[in-house]
Amino acid sequence: MISPAMARSIKKLSHFDDRGAVHMVDVGGKETTHRVAIASGRIAMAPATLKMIAAGRAKKGDVLGVARLAAIQAAKRTAELIPLAHPLALSRVAVDCDLVQRPSGVRIVARVECRGPTGVEMEALTAVAVGLLTVYDMVKAVDRGMSIGEIVLEEKAGGRSGIFRRHRR
């Protein structure tokens with residue numbers, strides 16, 4: 001049983017019905033528009049680990065290439081991972097993996113696009129998260145102290161809510 005205050009809060013969230021039960025949002029009546037989302041994140045690591053990745057000496061192979069493919073695959077399969085996400089026909093998934101010297105690590109940026117009735121923020125965020133996890137998996141044998149973080153939505157466009165751009169801090 002939920003309290004009246006909780007019920008009022010839940011009504012503001014689209015994934016809850018009038019009784020407070022979780023449901024998938026009906027996007028059937030929403031306008032089809034060009035949707036774009038950009039997300040980013042980073043994994044911090046020891047300088048020696050970064051040098052190994054840059055030199056292409058990881059035992060499991062091309063760390064950034066595999067991370068890029070994993071990120072693309074994750075964006076395409078987001079609806080299988082996030083219970084209330086809609087399956088979408090993505091028109092573009094672009095992933096950049098950059099080596100960062102100070103502090104040492106890898107930054108991943110994913111741009112996801114589609115034409116549809118709902119946004120692609122979850123696809124971009126999922127791409128980044130899985131790409132970073134893949135970097136961890138590829139080099140964990142030499143650096144178990146890596147830290148994944150700063151996964152954020154940088155920008156989104158399309159749909160009723162318009163454009164969002166993260167303020168740089």
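What counts and how
Residues numbered from 1 in each chain as written. Predicted model: local features only at pLDDT ≥ 70, side-chain atom pairs only at ≥ 80, totals over all residues. Heavy atoms only, no water. Core = buried A, V, L, I, M, F, W, Y, C linked by side-chain atoms within 4.5 Å. Buried < 20%, exposed > 50% of the residue type's maximum accessible area, 1.4 Å probe, protein only. Helix = DSSP H or I, 4+ residues; strand = E, 2+ residues; numbered from the N terminus. Contact = heavy atoms within 4.5 Å. Pairing = 2+ DSSP bridges.

Q: How should the nonpolar core be read in this particular structure?
A: Inside soluble globular proteins, nonpolar side chains tend to come together where they are buried. One finds M45, I53, V106, I108, V135 and V139 to be the most contacted residues of the largest nonpolar core, which totals 31 residues. The set of elements that each furnish at least two residues to this core consists of β1 (33-44), α2 (47-55), α3 (63-76), β2 (90-100), β3 (105-116) and α5 (121-139). With sequence-adjacent residues up to four places away left out, M45 is seen in contact with L50, I53, S104, G105, V106, V135, D143 and M146.

Q: Mind showing me how you'd approach unusual backbone geometry here?
A: Of all residues except glycine, most have a negative phi; of all peptide bonds, most are trans. Put simply, R102 and P103 share a cis peptide bond, and its omega is -15°. Along the chain, the position of P103 falls in the loop between β2 and β3. For E150, which is not a glycine, the phi torsion comes out positive at approximately 55°. Overall, E150 belongs to the exposed group, its relative accessible area being 60%.

Q: Just to check I follow, could you spell out the pairing of β3 for this structure?
A: Regular strands show a simple pattern: their side chains alternate between the two faces of the sheet. Among the 12 residues that make up β3, 9 are buried, leaving the element largely enclosed by the rest of the structure. In terms of strand pairing, β1 meets β3 through 12 bridges, oriented antiparallel. Directly across from V36, in β3, lies its bridge partner E113. With antiparallel pairing between neighbouring strands as the criterion, β2 and β3 make up a hairpin whose turn holds 4 residues.

Q: Would you explain the environment of F164 in this entry?
A: Mapped onto the secondary structure, F164 falls in strand β5 (residues 164-165). The spacing of F164 and L153 is 11 residues in sequence and 8.9 Å in space, taken between C-alpha atoms. Contact partners of F164, with chain neighbours within four places excluded, come to L153, E154, E155 and K156.

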